[in-house]
Amino acid sequence: MGHRGSPRVRAAAQNRPARRGAGAVRAAEQWPAHFVVFDLLRLSGTVTTGWPYRRRRAALESVFATRRLLAPWALCPSTTDPDTVREWLSWASAGVEGVVLAPADGAGRLPTV
């Protein structure tokens, strides 16, 4: 994380590929990777893309709670409040690149903005 908790994605991306061995270990310690999850497409062998997003999200939150997932796993925040989305979009300096819009009761492909 960078200044005030912002991710240092560019620095990590630029330095990681060139590292091997002990250098890779030091780079991983300096710029740890995180896996940010926003949707659940398969659960225990079941394809969930036909489920409404609201159901997939509830299942995803359940997976995080049941398995007590912590860093490097991260559950992407979710909201239905337009003002919260506008605030998130102002966080470009913290590494936010956009939002995913999905109808809560819709299934299938998710549009991105």
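Each remark here, short or long, concerns the structure printed above.
Cut-offs applied
- Residues numbered from 1 in each chain as written.
- Predicted model: local features only at pLDDT ≥ 70, side-chain atom pairs only at ≥ 80, totals over all residues.
- Heavy atoms only, no water.
- Helix = DSSP H or I, 4+ residues; strand = E, 2+ residues; numbered from the N terminus.
- Contact = heavy atoms within 4.5 Å.
- Areas by Shrake-Rupley, 256 points an atom, 1.4 Å probe, with all protein chains shown as cover.
- Phe/Tyr/Trp six-rings, centres within 6.5 Å; stacked < 30°, edge-to-face > 60°.
- Buried < 20%, exposed > 50% of the residue type's maximum accessible area, 1.4 Å probe, protein only.
- Polar contact = N/O pair within 3.5 Å; in protein donor to acceptor, adjacent residues only side chain to side chain.
- Core = buried A, V, L, I, M, F, W, Y, C linked by side-chain atoms within 4.5 Å.

(A) Quick peek at the overall build of the chain. A tally of regular secondary structure across the chain gives 4 helices and 4 strands. Start at the N end of the chain and walk to the C end: the helices and strands fall as α-α-β-β-β-α-β-α. Pairs at least 24 residues apart make up 40% of the contacts formed inside the chain by residues separated by at least 6 positions. Here the chain displays about 8600 Å² of accessible surface, and carbon together with sulfur accounts for 56% of that area.

(B) Quick peek at the packing of aromatic side chains. Counted under the stated rule, the structure contains 1 aromatic pair. Considering the side-chain rings of Phe-35 and Trp-73, the 5.1 Å spacing of their centres and the 80° angle between planes classify their relative orientation as edge-to-face. Here Trp-73 lies in strand β4 (residues 73–75) and Phe-35 lies in strand β1 (residues 35–37), a separation of 38 residues in the sequence.

(C) Representation of the side chain of Arg-56 within the structure. Checked against the element boundaries, Arg-56 lands in helix α3 (residues 53–67). What makes Arg-56 buried here is its relative accessible area of 1%. One polar contact links the side chain of Arg-56 to the main-chain carbonyl oxygen of Trp-51, over a distance of 2.6 Å.

(D) Looking closely at the nonpolar core. Judged by nonpolar contacts, Val-37, Leu-40, Trp-51, Ala-59, Leu-60 and Phe-64 together constitute the single largest core of 6 residues. Per-element tally for this core: the top contributor is α3, with 3 residues. Every residue in contact with Trp-51, bar those within four places of it in the chain, is listed here: Leu-43, Thr-46, Arg-56, Ala-59, Gly-106 and Ala-107.

(E) Broad picture of unusual backbone geometry. For the bond from Ala-71 to Pro-72, the omega torsion is 20°, close enough to zero to count as cis. Secondary-structure assignment places Pro-72 in the loop between α3 and β4. One non-glycine residue, Ser-44, lies in the positive phi region at around 50°. Tracing the chain through its elements places Ser-44 in the loop between β2 (42–43) and β3 (46–47). Since its relative accessible area comes to 77%, Ser-44 is described here as exposed. Not every positive phi belongs to a glycine, and Arg-68 is a case in point at roughly 50°. Tracing the sequence through the fold places Arg-68 in the loop between α3 and β4.

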